[in-house]
Amino acid sequence: MTKDTESTLRCGFAAVVGRPNVGKSTLINALLRRKVSITSPKPQTTRHRILGIKSTSDAQIVFVDTPGINYAETRALNRYMNRAAHGAIEDVDVVVFVVEALKWSPQDQRVEERIEESKRPTILVLNKVDRVRPRSKLLPFIDKLAKDHDYDEIVPVSARRGENLEALESAIKSRLPQSERLFPEDMLTDRGDRFVAAELIREKLILRLEQEVPYRLSVEIEEMVARDNVMHISAIIWVERPGQKAIVIGRKGELLKQVGTSARREMERLFGQRVDLRLWVKIKDEWSDNDRALASLGYLD
Ligand SMILES: Nc1nc2c(ncn2[C@@H]2O[C@H](COP(=O)(O)OP(=O)(O)OP(=O)(O)O)[C@@H](O)[C@H]2O)c(=O)[nH]1
Ligand SMILES: [Mg+2]
């Protein structure tokens with residue numbers, strides 16, 4: 001590539017923010033066509049800031065996935081998650097504010113107020129338009145939002161079906177500064193294999209657990225070593241109470257076994273290697289409301 005084209009590259013950070021469960025992580029995965037962030041039908045799945053890097057011939061968009069902002073929960077873990085999201089808003093070139101099409105809740109309103117304070121260029125994404133029937137209902141919704149707020153652009157999409165993602169990508173790109181690439185062209189995320197492994201286990205757990213249990217567990221990779229062409233991984237699932245431990249293990253260990261099998265299969269695909277996965281469930285009293293326990297489990301600002 002010549003110097004000339006290098007200097008016309010547009011590169012920068014785009015934070016994807018919104019209340020829990022609107023589809024932020026699904027959207028980033030769809031834009032990258034790779035899974036860099038876990039997703040689930042339950043709110044508060046993402047707990048950290050995670051970079052997803054998209055390099056094309058004329059741009060590099062560094063998407064910042066963020067935990068869903070939630071002002072109702074006040075546990076230490078939740079405060080950590082809100083800080084992670086707020087911090088992302090401050091540091092980026094563009095804010096991609098995600099809501100669900102045809103829904104505008106008081107929670108969305110509060111997130112918007114926070115974004116406004118940052119004075120960053122903001123693109124409003126109306127996600128899940130595949131659920132809107134008839135589609136003509138979208139127009140009045142868009143008109144009203146455009147009238148009441150000051151967005152740089154409003155883009156309806158379906159992250160799940162991959163609809164209208166090109167329009168969103170160009171809206172983001174056009175608001176990035178001209179600069180050299182910020183990361184190597186082949187780099188997809190800032191997160192290493194250990195983080196990815198822990199997140200995949202957590203995703204499989206969230207999918208199978210109900211009520212408060214998904215929110216009271218955390219996964220720690222104890223060991224991850226390649227030996228004889230096999231990746232040996234041993235992980236601890238931390239919960240807060242004996243009752244939660246029993247639920248995670250399941251009758252005759254059935255739930256834990258399913259989680260292990262499904263996480264292992266996905267790791268093998270992702271790492272391109274055989275995986276031997278061992279899971280242990282342990283109790284750490286009230287870890288999710290204890291700053292020191294959080295830090296020791298990797299929830300560090
Ligand atoms: N119908 C439909 N469902 C979607 C779409 N995008 C995401 N979802 C679903 O919405 C749910 C939440 O998706 P996530 O990507 O985990 O949402 P999130 O905003 O990252 O959630 P948190 O990390 O908890 O803040 C999942 O069940 C997704 O499959 C979409 O375009 N259409
Ligand atoms: Mg998420």
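Keep in mind that what you see is a predicted model, and the values were worked out from it rather than measured.

A. Here's a closer look at the site of ligand 1. Neighbouring ligand 1 are 23 residues; Gly23, Thr26, Thr39, Thr46 and Gly68 lie closest to it. When residues of the shell around ligand 1 are assigned to their parent elements, the largest contribution, three residues, is made by helix α2 (residues 24–32). Residue classes in the shell around ligand 1 are distributed as six nonpolar, twelve polar and five charged.

B. Representation of the sheet that holds strand β9 (residues 274–283) within the structure. One open sheet holds the three strands; their spatial order is β7-β8-β9, and the pairing between them is mixed. Looking at the sheet topology across the chains shown, the edges are occupied by β7 (218–227) and β9. For this sheet, the mean angle separating the axes of adjacent strands, direction not counted, is 15°. By the bridge criterion, ten bridges tie strand β8 (residues 230–239) to β9 in an arrangement that is parallel. Each bridged residue has a counterpart across the sheet, and for Met231 the counterpart in β9 is Val275.

C. Broad picture of the packing of helix α7 (residues 193–208) against helix α9 (residues 254–271). Relative orientation of the contacting elements α7 and α9 amounts to 140°, with a least axis distance of 9 Å. Taken together, the axis directions place α7 and α9 in an arrangement best described as oblique. Seen along the crossing, α7 lies across α9 with a hand that is right-handed. Residues Asp193, Val196, Ala197, Leu200, Ile201, Lys204, Leu205 and Arg208 of α7 lie in contact with α9, whose contacting residues are Leu255, Gln258, Val259, Ser262, Ala263, Glu266, Met267, Leu270 and Phe271. When its residues are assigned to classes, the contact of α7 with α9 shows eleven nonpolar, two polar and four charged.

D. Spatial organisation of the packing of helix α3 (residues 76–90) against helix α4 (residues 106–118). Two elements in contact, α3 and α4, have axes whose closest approach is 9 Å; the angle formed by their N-to-C orientations is 35°. Once α3 is placed against α4, the crossing between them reads as right-handed. Contact with α3, carried on its side by His86, Ile89 and Glu90, involves Arg114, Ile115 and Ser118 of α4 and no other residues of that element.

E. View of the pairing of strand β4 (residues 94–100). The element β4 is extensively covered by neighbouring structure, given that seven of its seven residues are classed as buried. Bridging between strand β1 (residues 10–17) and β4 involves four bridges; their strand directions are parallel. Bridged to Val16 within β4 is Val96. The sheet contact formed by β4 and strand β5 (residues 122–127) spans six bridges and is parallel. Following the sheet pairing, Val95 is matched in β5 by Thr122.

F. Seen up close, the domain arrangement of the chain. Per the domain assignment, the segments of the chain are domain 1 (3–173) and domain 2 (193–296). Distance between the C-alpha centres of domain 1 and domain 2: 28 Å. Contact with domain 1, which involves nine residues of that partner, is made by 13 residues of domain 2. Its residues assigned to classes, the side of domain 1 that touches domain 2 comprises four nonpolar, three polar and two charged.

G. Main features of the sheet that holds β4. Spatially, six strands are ordered β2-β3-β1-β4-β5-β6 in an open sheet, and the strand pairing comes out mixed. A single partner strand is all that each edge strand has here, and the edge strands are β2 (50–55) and β6 (153–156). When the angles between neighbouring strand axes are averaged without regard to direction, this sheet yields 25°. This element, α3, spans β1, β3 (59–65) and β4 of the sheet and lies at about 150° to β1.

H. Spatial organisation of the pairing of β2. Counting buried positions along β2 yields five of six residues, so the element is predominantly enclosed. If you look at the hairpin formed by β2 and β3, you'll find three residues sitting between the two strands.

Cut-offs and rules
Residues numbered from 1 in each chain as written. Chains lettered and ligands numbered in written order. Predicted model: local features only at pLDDT ≥ 70, side-chain atom pairs only at ≥ 80, totals over all residues. Near = placed C-beta within 6 Å. Helix = DSSP H or I, 4+ residues; strand = E, 2+ residues; numbered from the N terminus. Nonpolar A, V, L, I, M, F, W, Y, C, P; charged D, E, K, R; others polar. Pairing = 2+ DSSP bridges. Axes fitted to C-alpha atoms, helices over the stretch in contact; angles between N-to-C directions. Parallel < 35°, antiparallel > 145°, perpendicular 65-115°, else oblique. Left-handed = near helix turned anticlockwise from the far one by under 90°. Contact = placed C-beta atoms within 7 Å. Buried ≥ 20, exposed ≤ 12 C-beta atoms within 10 Å, placed from the backbone. Domains from an automatic or database assignment.

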